[in-house]
Amino acid sequence: MAIAICPGSFDPVTNGHLDIIHRASRLFEKVIVLVIINPDKTPLFTSEERVEMIRRSIDLPNVEVDSYRGLLADYVKRSGATVIVKGLRAVTDFEYEFQMALINKKLAPFAETMFLTTDASNMYLSSSVVRQVGSFGGDISPFVPEQIREQIAGRLKSL
Ligand code: PNS
């Protein structure tokens, strides 16, 4: 059974992430969406909130959501996954993603990083765009699923 990991900060999850997760779920028997905790960053949402928001945004039988503090390669090893799935928006993503793919290949040689081309409608989208638009009171509804829109807008308004 091929298990794939979709890792990210997901602070918060966007329609762009969800498109990649849905497409990965059609390619692999099991997909684990992994919220990676970066101790050097102060996120808008706690890891528990991020996990819960992803769970509320997805209804797919072969997708699980988890969180992890540490190296992605270590989680990959202990989960039995053989694929890391990332979305690529534009050339600007490439250098960073290429570096991470090569490092992960060294640390977990049995796992392959696969890139899915972001849907054209999500080319411009990122969690930081959502945070910025929402923090100035802009409408975030085109960027995030309805189930979590109020939660994100409320948090950004209270900043
Ligand atoms: O959504 P993001 O912030 O672009 O995701 C980046 C993420 C979390 C996937 C990446 O930073 C990561 O894999 N972090 C875990 C630490 C790690 O394994 N580092 C080694 C590879 S450079």
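See the structure above.
Note that the structure is predicted; figures quoted are calculated from it, not measured. (Residues numbered from 1 in each chain as written. Predicted model: local features only at pLDDT ≥ 70, side-chain atom pairs only at ≥ 80, totals over all residues. Heavy atoms only, no water.)

### Examining the overall build of the protein
Tallying secondary structure elements over the protein gives six helices and five strands in all. Mapped in sequence order, the helices and strands of the protein form the string β-α-β-α-β-α-β-α-β-α-α. In summary, the protein has a C-alpha radius of gyration of 15 Å against a globular reference of 15 Å for 159 residues, a match within 12%. A principal-axis box enclosing the C-alpha atoms of the protein has dimensions of 45 × 30 × 30 Å. The buried share of the protein, reckoned over its 159 residues, is 45%. By sequence separation, contacts in the protein at least 24 residues apart represent 78% of the contacts at least 6 residues apart. Just so you have it, the protein exposes about 8,700 Å², and 54% of that area is on carbon and sulfur atoms. (Helix = DSSP H or I, 4+ residues; strand = E, 2+ residues; numbered from the N terminus. Rg over C-alpha atoms; globule rule 2.2 N^0.38 Å. Buried < 20%, exposed > 50% of the residue type's maximum accessible area, 1.4 Å probe, protein only. Contact = heavy atoms within 4.5 Å. Areas by Shrake-Rupley, 256 points an atom, 1.4 Å probe, with all protein chains shown as cover.)

### Regarding the site of the ligand
Every residue near the ligand is listed here: Pro7, Gly8, Ser9, Ile36, Gly70, Leu71, Leu72, Lys86, Tyr96, Met100, Ile103 and Asn104. In the model, an oxygen atom of the ligand is placed 2.5 Å from a nitrogen or oxygen of the serine 9 side chain. Residue leucine 72 places a main-chain N or O atom 2.9 Å away from an oxygen atom belonging to the ligand. Here the ligand has 560 Å² of accessible area as a free molecule, and 72% of this is covered by the chains. Most atoms of the ligand, that is more than half of them, are within 2 Å of grid points of the largest pocket. Secondary structure elements with two or more residues in the shell around the ligand: strand 1 (3-8) and helix 4 (91-107). When residues in the shell around the ligand are grouped by element, the largest group, four residues, is from helix 4. Of the residues assigned to the shell around the ligand, the class counts are seven nonpolar, four polar and one charged. (Near = heavy atom within 4 Å. Polar contact = N/O pair within 3.5 Å; in protein donor to acceptor, adjacent residues only side chain to side chain. 1 Å grid on protein atoms, 1.4 Å probe; cavity = no way out; pocket = protein on both sides within 12 Å on 5 of 7 lines; lining within 4 Å. Sits in = over half its atoms within 2 Å of the grid points. Nonpolar A, V, L, I, M, F, W, Y, C, P; charged D, E, K, R; others polar.)

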